[in-house]
Amino acid sequence: MKPDIPPQMVRAEAARHRAALAKTDLLNTVGELKARMAPAAIAKRTADTVTDKAVGGATKARTAAQSRPLMTGMIAAGIGIAAGLGLRRKLKKGTHHDG
């Protein structure tokens, strides 16, 4: 501290400096909040969450299918038969024309 500067002025300058730092910090925080709350940022976070959950679900399904191959095969066969019957009905309806 210089002897020709009164202590009150030194304290006042220090307070102004702390206030400037606090203002800068607050403005940075507001800027970060604005960026996080932007619609594009919210949409990206939502898409990331959905993707993560979908990948997790697919991984669990694969693990379950690998641990029960017979059951998985039976379910797949049932789905294939149901789909085939549905397709057969559609094809039969499409070949009959009222005239």
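The rules we used
Residues numbered from 1 in each chain as written. Predicted model: local features only at pLDDT ≥ 70, side-chain atom pairs only at ≥ 80, totals over all residues. Heavy atoms only, no water. Helix = DSSP H or I, 4+ residues; strand = E, 2+ residues; numbered from the N terminus. Rg over C-alpha atoms; globule rule 2.2 N^0.38 Å. Buried < 20%, exposed > 50% of the residue type's maximum accessible area, 1.4 Å probe, protein only. Areas by Shrake-Rupley, 256 points an atom, 1.4 Å probe, with all protein chains shown as cover. Lys, Arg positive; Asp, Glu negative; His and termini not counted. Charge placed at Lys NZ, Arg CZ, Asp CG, Glu CD. Patch = residues over 30% accessible without salt bridge, like charges linked within 9 Å, V, L, I, M, F, W, Y side chains within 5 Å. Salt bridge = Lys/Arg side-chain N within 4 Å of Asp/Glu carboxyl O. pLDDT = per-residue confidence, 0-100. Axes fitted to C-alpha atoms, helices over the stretch in contact; angles between N-to-C directions. Parallel < 35°, antiparallel > 145°, perpendicular 65-115°, else oblique. Contact = heavy atoms within 4.5 Å. Nonpolar A, V, L, I, M, F, W, Y, C, P; charged D, E, K, R; others polar.

Peer 1: Pulling in residues and values, what's your account of the overall build of the protein?
Peer 2: Helices and strands together make up the secondary structure of the protein, namely three helices and zero strands. Over its C-alpha atoms the protein spans a radius of gyration of 34 Å, topping by over 25% the 13 Å that the globule rule assigns to 99 residues. Structurally, the protein occupies a C-alpha span of about 110 × 45 × 10 Å along its principal axes. Per-residue burial for the protein yields a buried fraction of 0% across its 99 residues. About 9000 Å² of surface is accessible on the protein, with carbon and sulfur atoms providing 67% of the total. Distance between charge centres in the protein, computed from 18 positive and 7 negative side chains, equals 14 Å.

Peer 1: How would you sum up a positive patch on the surface? Please name residues and give values.
Peer 2: A surface patch of like charges, here positive, comprises Arg-88, Arg-89, Lys-90, Lys-92 and Lys-93. For Lys-92, the location among the structural elements is in helix H3 (residues 69-95). A relative accessible area of 45% places Lys-92 in the partly exposed class.

Peer 1: Please set out the pattern of salt bridges residue by residue, giving values where relevant.
Peer 2: This structure, assessed with the given rule, holds two salt bridges. Salt-bridge contacts for Glu-13 lead to Arg-16; the nearest nitrogen and oxygen are separated by 3.2 Å. Highlighted residues: Glu-13 and Arg-16, both in helix H1 (residues 7-37), separated by three residues, approximately one helical turn. By relative accessible area, which is 46% here, Glu-13 ends up partly exposed. Salt-bridge contacts for Asp-48 lead to Lys-44; the nearest nitrogen and oxygen are separated by 2.9 Å. In this pair, Asp-48 and Lys-44 are both assigned in helix H2 (residues 39-67), four residues apart and thus about one turn of the helix distant. We classify Lys-44 as exposed; its relative accessible area is 53%.

Peer 1: Before we move on, can you summarise a nonpolar patch on the surface with the specific residues and values?
Peer 2: Where nonpolar side chains cluster on the molecular surface, the patch consists of Ile-5, Met-9 and Val-10 and spans about 240 Å² of accessible area. Take Val-10: it is sitting in helix H1.

Peer 1: Tell me about the environment of Ile-81, and please be specific about residues and values.
Peer 2: Relative to the assigned elements, Ile-81 resides in helix H3. Taking the C-alpha atoms as reference points, Ile-81 and Lys-60, separated by 21 residues in sequence, lie 25 Å from one another.

Peer 1: Any details on the confidence of the model for the protein? Residues and values, ideally.
Peer 2: On average, the protein scores 89 in pLDDT, and the residues at 70 or more come to 92%. Within the protein, no element has a lower average pLDDT than H3, which sits at 90, and none a higher one than H1, at 93.

Peer 1: Can you explain the packing of H1 against H2? Please cite residues and give values.
Peer 2: Between H1 and H2, the shortest axis-to-axis distance is 5 Å and the interhelical angle comes to 60°. Classed by the angle they form, the pair H1 and H2 counts as oblique. The segment H1 lies against H2, with Ala-35, Arg-36 and Met-37 engaging Pro-39, Ala-41, Ile-42 and Arg-45. Class assignment for the residues of the contact of H1 with H2 results in five nonpolar, no polar and two charged.

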